[in-house]
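Analysis of the macromolecular model
Residues per chain, in single letters:
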Amino acid sequence: MSYIDKHRNLIDFTLSSLLRRKGKNIALILVYTLVVFILSSVMFFTHAIKKEASIILKDAPEMVVQRVVAGRHDLIPIRYIEKIKGIRGIGLPNARLWGYYFDPIAGANYTLIVPDDFQYGQGDIAIGKGISRSRLAYEGDIMPFMAYDGALINLRIRNVLSPESELVSSDLILISENDFRRIFGISKEYATDLTVKVRNQREINTIVRKITEIYPDTRVITKNEILRTYDAVFNWRGGIVIVIMSGAVMAFIVFAWDKASGLSAEEKKEIGILKAIGWETSDVILMKFWEGAVVSVTSFIAGIILAYFHVFFASSSLFEPVLKGWSVLYPEFKLTPFIDPYQVSTLFFLTVVPYTVATIIPSWRAATIDPDSVMR
Amino acid sequence: MIELINIKKTFNAGRPNEFSAINGVSLSIEANKVTVFKGPSGSGKTTLLSIIGCMTRPTSGRIMLADREVTSLPERFLTGIRRKTFGFIFQQFNLIKGITALENVMLPAYPMGEAYYPLKKRALETLDMFNISNKALSKVEWLSGGETQRIAIARALINIPSVIIADEPTAHLDTKLSHEFMDIISMLKGEGKTILIASHDPLVYESDVVDRIINIRDGMVAEWV
């Protein structure tokens, strides 16, 4: 057990040693924690939101068929189903009705969807938690909507939704088909888009080609393309935050390098004393290793925990304008915690390891001096 | 028993500032005695003590420590011998500021891998031996000159060495504290320790407790008393 006792004794001395230069070390830990906090906040956010997107799209149909007019998404005639359903290898296409409604009172965009199995009747709606929060609207309340022609339509809230992912449900309103068509003035012959389920994943490309051959005025969006868009959008946003914060990161590197790599005359003298009273070069290096490790691991853990609370409990409030600026996400939402161990360990190796090494190298140089230097 | 055979030590060898500190010293030092190396500043006393205490290697010559040749040992073994055999009391005491007296005393034993609590107990007992256990938790910079001196002695004793090496221990002490120091030396001699002191303070080399005085001048043994 003497090996463990040796390390315990060295750590004990390291902690006393760090407390001697309290101000300097606390400042270092604070800056270090801030850097880890920024990097891991971005990392947690982008990872969690991409994961969230994949959950949302888990049960989504393999493809969505939209009509395009002058390069823009337009309403699709429901009769298009007739020809599409004749293609082999697909399930019955389904016409979807959905759209956005801007609520001037809350200053927010809501997503209105007509579900296939809407369990309430005409005049009823179910709303997401975000809408309930912003409008202070609860079950049994009446919510007014301004129709396309200026008419006021009052709908009764029958339920406040709380499914597993608030990302989609937050700004969501489930509505009956008739009410949807009344608000937006869409005739019975049209839908927003068509969804198509494909049995064999390998046939997706062939089916896409066949649909666009039958209806050249349509575009087919596959589930994979949507996932890729999520990835690209949030990687890009995360990248912007990291670029903006890179100034802070660089300042930290300079600060840490200066602190870790340069030994003061006092520290050099102490190393001389330790050697003179019987410490080996390796003992001094071990002690300095623990010093670097204590500072960097403490900051790393503190930064990660703060980032976890910031992203998953405080809705990434500090980076909100950059990370969340997207119309669908307009209402407040909280992410479900997801952490990728691979990303956390990458961050660990990019922060803790270089700092600890930077602490050891100058000490190694100082520790190789002759122990009799303190006697001269 | 420590034996030095034709020890020479040259600093900055081959450079314009080459300096020969020890020029062929051969002598035997008896165990359980107090030996004082006396001589003016720059005579080579401290260098000789560093060589005897395995802190630095001689340029040539051999050192026998209890019939074991130690000059050619690698650093690792030399450090092991140094911390088990020698306890050092430095001219400036060289305590580490900002930590407690107790931690300073325990420091030489930390790398030995001894369990913390038995070590702490021994350190407190050592401090108690010098009547300063009440200062164990005080930071060393708060202590008086006499207390600092006793902490430095306690630190030299923590690994239970057989040889105590003191370099100009009274250089920064007043007469009263210097007498106190020599009383402690007398006590340690009574416990069977071998004590080597470098000093040009008459209060040290004229003390009754001293068994032998070796005069050093220009890096050589001038005379034995």
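Residues numbered from 1 in each chain as written. Chains lettered and ligands numbered in written order. Predicted model: local features only at pLDDT ≥ 70, side-chain atom pairs only at ≥ 80, totals over all residues. Heavy atoms only, no water.

What follows concerns the overall build of chain A. A count of helices and strands for chain A gives 12 helices and 12 strands. Counting all 376 residues of chain A, 47% fall into the buried class. Pairs at least 24 residues apart make up 79% of the contacts formed inside chain A by residues separated by at least 6 positions. Element-wise, carbon and sulfur atoms account for 61% of the exposed surface of chain A, whose accessible area totals about 18,700 Å². (Helix = DSSP H or I, 4+ residues; strand = E, 2+ residues; numbered from the N terminus. Buried < 20%, exposed > 50% of the residue type's maximum accessible area, 1.4 Å probe, protein only. Contact = heavy atoms within 4.5 Å. Areas by Shrake-Rupley, 256 points an atom, 1.4 Å probe, with all protein chains shown as cover.)

Residues and elements named next belong to chain A. Across chain A, the average pLDDT comes to 83, with 88% of residues at or above 70. Averaged pLDDT values for the elements of chain A fall to 64 in helix H11 (residues 320-323) and rise to 96 in strand S10 (residues 190-191). Within the model, pLDDT remains below 50 along residues 327-331, and this stretch shows 14 contacts once partners closer than five positions in the same chain are excluded. (pLDDT = per-residue confidence, 0-100.)

Attention now goes to the interface of chain A and chain B. Counting residues at the interface gives 26 residues for chain A and 31 residues for chain B. For the pair chain A and chain B, the number of links is 3 salt bridges. Here Arg83 of chain B and Asp283 of chain A are joined by a salt bridge, their closest N and O atoms 3.2 Å apart. The interface formed by chain A and chain B holds 9 residue pairs in polar contact (both at pLDDT 80 or more) in total. Where the side of chain A that touches chain B is concerned, the elements lending two or more residues are helix H1 (2-20), helix H9 (265-276) and helix H10 (281-312) of chain A. Element by element, the count of residues in the side of chain A that touches chain B is highest for H1 of chain A, at 8 residues. (Salt bridge = Lys/Arg side-chain N within 4 Å of Asp/Glu carboxyl O. Polar contact = N/O pair within 3.5 Å; in protein donor to acceptor, adjacent residues only side chain to side chain.)

Turning to the sheet that holds strand S1 (residues 2-11) of chain B, a few remarks are in order. Residues and elements named next belong to chain B. Strand order in this open sheet of 4 strands is S2-S1-S4-S5, and the pairing throughout is antiparallel. Two strands lie at the open edges of the sheet, namely strand S2 (19-29) and strand S5 (68-69), each paired on one side alone. Note that S1 and strand S4 (residues 60-65) share 5 bridges and pair antiparallel. What sits directly across from Ile2, in S4, is Leu65. Of the strands in this sheet, S1, S2 and S4 touch helix H1 (residues 45-52), which is tilted by about 120° from S1. (Pairing = 2+ DSSP bridges. Axes fitted to C-alpha atoms, helices over the stretch in contact; angles between N-to-C directions.)

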